[in-house]
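Structural characterization, general
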Amino acid sequence: FFLDRRQFLLARLSPDEPALPAPAGKAIVEHTAINPNKAAHIGHLRNSALGDTLVRVLRFRGIAVEVQNYIDDTGVQVADVVVGFRLLDGKSLDQIREIADTTRFDYYCWDLYSKVTEWYDGDKARLEIRAAVLHDLEHGGNDTAAMGTVIVDRIVRAHLKTMARLNIGYDLLTYEGDILRLQFWAHAFETLKQQGAVFLQTEGKLAGCWVMKIEEDGSAPAAADGSGGSAGARSASEGGDDPEQREKVIVRSNGVVTYVGKDLAN
């Protein structure tokens, strides 16, 4: 891109310069989306800087922009921090609040998250504990969900302070838990079933799961995972000849909705 500064300036100083038409409608830009289980790192900042730049460019053009930040408060990462506080540290909800008040809580949870990962590596059967915590987080109304709410709230506030230092802000925080509690997912799931976009697998390794077919050309919806990768595109490219590898799980056999399903509802 090359800018002829003199010509550019003279064109805009000219009284005959035609006015640009006023943009209609509103643009929504969703960016940052850090898992609320640790402090923001430089990779997250890259995402935020790109998103905020897009927002500024759109607003410079006179477009009304709503900036959204997606908060994955019912995902695996939050579940792992809850497991760490409950089983590795043996902390109660009140004790977690005290830690949040007296430490750099986002960094504290980052260290705890690393310990939980190592703990899982010691015995894969422990992953069943994570699955139970995930179930409790999604359904809410229990001690596990209350603990998750406190952890997420404190870490999100830490993330917002970090971004505020960089003059990056948001108009709307979209909590994944709200998508579930407000029945957005239930509505989306019924629509997907009615349209035949998902079906209940009855055999093979995915028996009992609601799955979506990944088309041969990779045209099935791709949803971003927590690390910023495109899970749908990745699965399509790695599908091979195994029919099961060409199916994306939307609801697991234990009833837990995957991040792809939640993204579709969003």
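Residues numbered from 1 in each chain as written. Predicted model: local features only at pLDDT ≥ 70, side-chain atom pairs only at ≥ 80, totals over all residues. Heavy atoms only, no water.

**Structural notes on a nonpolar patch on the surface**
- A surface patch of nonpolar side chains, about 400 Å² in accessible area, is lined by Phe1, Leu3 and Phe8.
- Within the secondary structure layout, phenylalanine 1 lies in the segment before helix H1 (5-13).
- Judged by its relative accessible area of 91%, phenylalanine 1 falls in the exposed class. (Patch = residues over 30% accessible without salt bridge, like charges linked within 9 Å, V, L, I, M, F, W, Y side chains within 5 Å. Areas by Shrake-Rupley, 256 points an atom, 1.4 Å probe, with all protein chains shown as cover. Salt bridge = Lys/Arg side-chain N within 4 Å of Asp/Glu carboxyl O. Helix = DSSP H or I, 4+ residues; strand = E, 2+ residues; numbered from the N terminus. Buried < 20%, exposed > 50% of the residue type's maximum accessible area, 1.4 Å probe, protein only.)

**Focus on the sheet that holds strand E5 (residues 210-213)**
- Pairing in this open sheet of three strands is antiparallel, and the strands run E4-E5-E6 from one edge to the other. With one partner strand each, in any of the chains shown, strand E4 (199-200) and strand E6 (247-251) form the two edges of the open sheet.
- Bridging between E4 and E5 involves two bridges; their strand directions are antiparallel. Paired with phenylalanine 199 across the two strands is valine 211, which belongs to E5. (Pairing = 2+ DSSP bridges.)

**A closer look at helix H6 (residues 127-139)**
- Under the 1.5 Å per step criterion, the end-to-end length of H6 is 19 Å for 13 residues, consistent within 8% with the ideal 18 Å.
- Along H6, the positions that sit buried rather than exposed are Val133, Leu134, Leu137 and Glu138. Burial along H6 is one-sided: seen end-on, the buried residues are contained in an arc of 135°. The exposed set on the far side of H6, more than 90 degrees from its buried face, consists of Glu128 and His139.
- Close packing links the buried residues of H6 with helix H3 (76-88), helix H7 (143-165), helix H8 (176-181) and helix H11 (259-265).
- Where H6 terminates, the next one or two residues include glycine 140, which has phi positive at roughly 70°. (Expected span 1.5 Å × (residues − 1). Arc of directions from axis to C-beta. Contact = heavy atoms within 4.5 Å.)

**Details of the confidence of the model for the chain**
- For the chain, the average pLDDT comes to 87, and 87% of its residues sit at 70 or higher.
- Here residues 222-239 is modelled with pLDDT under 50, and outside its nearest four sequence neighbours on either side it reaches 29 contacts, counting other chains as well. (pLDDT = per-residue confidence, 0-100.)

**Observations regarding unusual backbone geometry**
- At threonine 32, a position not held by glycine, the phi torsion is positive, near 80°.
- Structurally, the position occupied by threonine 32 is in the loop between strand E1 (26-30) and helix H2 (42-60).
- Since its relative accessible area comes to 4%, threonine 32 is described here as buried.
- Notably, asparagine 167 is not glycine yet its phi reads approximately 60°, a positive angle.

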